[in-house]
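The lines below spell out each chain.
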Amino acid sequence: MYFQFNKRNLYIILVILLFLTIINLGSFNLVSTLLTLPGVILAISFHEFAHAFAADRLGDSTPRNQGRLSLDPMKHLDPVGIFLLVFAHIGWGKPVQINTNNFSKVSPSKGETIVSLAGPAMNFILAFVLMIIFYTILLFVPEAGIMFMLSGASPINILMTMLYYAIIVNIGLGVFNLIPIPPLDGSKIFLKVLPYRAKRWIDENMQMISLIFLLLFVTGVLGYITSPVITIVLNGMQKVVATIFSIFI
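Re the overall build of the protein chain
What the protein chain contains, in helices and strands, is 11 helices and zero strands. Traced from its N-terminal end to its C-terminal end, the protein chain shows the element sequence α-α-α-α-α-α-α-α-α-α-α. Expressed as a percentage of its 249 residues, the buried residues of the protein chain come to 38%. Long-range contacts, defined here as pairs at least 24 residues apart, represent 72% of the contacts in the protein chain between residues at least 6 apart. For the protein chain, the exposed area adds up to about 14,000 Å²; of that, 70% sits on carbon and sulfur atoms.

The structure is reproduced here in structure tokens:
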């Protein structure tokens, strides 16, 4: 299932996003944006690549034929999605197209679930790897921690800040995409277990659900749900990485 809007609802969504963009311009921080942008590009590129890689491994060559089996950001970034992500904090990459009928190793339904899980899973894995790099720098450059806490424009502080933002962005993208609302990855995972009547109701009311979802995001209500989850995942990763380093140091 995917977003299906008539022109009226599409215009409503675009107006809301434009309004949100204008509001955020008032608090726009160029430095923070520049430091966050590499993490955003990295997160989206790896996320979409993971979808393509999983589909390819399961027997569907559609992503490969379309050039999506690559870590080249230009293959995965959508200009409008990136613009809105930077200024309105809601955006997207180019969706990876798959043909579930081409899956030769699993059933179409199971294959779609695996491909959907691959994106968020990749973001969590990438966040974990970046956190290991973050802690490694702290270990071999002791002053990096102090400089990171105090902030500043030194090269090491810029690197640490970019790494930290990239960790947050990847965790955030992973958590956000697990929300069970189309076209997010979570919908292709969790909606499969719903009864037929529930699925039918969702299909028939998709436009309303999508508008409500966007409204919850714009008003910040959605943040009250996702933020605690992101914090829990972040703290959990930090504890695991800290424990690993305590064993080998």
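Points about the pattern of salt bridges
As enumerated under the stated definition, the model contains two salt bridges in all. With a shortest N-O distance of 2.8 Å, Arg 64 and Asp 56 are connected by a salt bridge. What makes Arg 64 partly exposed here is its relative accessible area of 47%. In this structure, Arg 200 and Glu 204 form a salt bridge, with 3.1 Å as the shortest nitrogen-oxygen distance. Residue Arg 200 and its partner Glu 204 are located together in helix H9 (residues 196-204), separated by four residues, close to a single helical turn.

Cut-offs and rules
- Residues numbered from 1 in each chain as written.
- Predicted model: local features only at pLDDT ≥ 70, side-chain atom pairs only at ≥ 80, totals over all residues.
- Heavy atoms only, no water.
- Helix = DSSP H or I, 4+ residues; strand = E, 2+ residues; numbered from the N terminus.
- Buried < 20%, exposed > 50% of the residue type's maximum accessible area, 1.4 Å probe, protein only.
- Contact = heavy atoms within 4.5 Å.
- Areas by Shrake-Rupley, 256 points an atom, 1.4 Å probe, with all protein chains shown as cover.
- Salt bridge = Lys/Arg side-chain N within 4 Å of Asp/Glu carboxyl O.

All quantities given are derived from atomic positions and should not be read as evidence of function.
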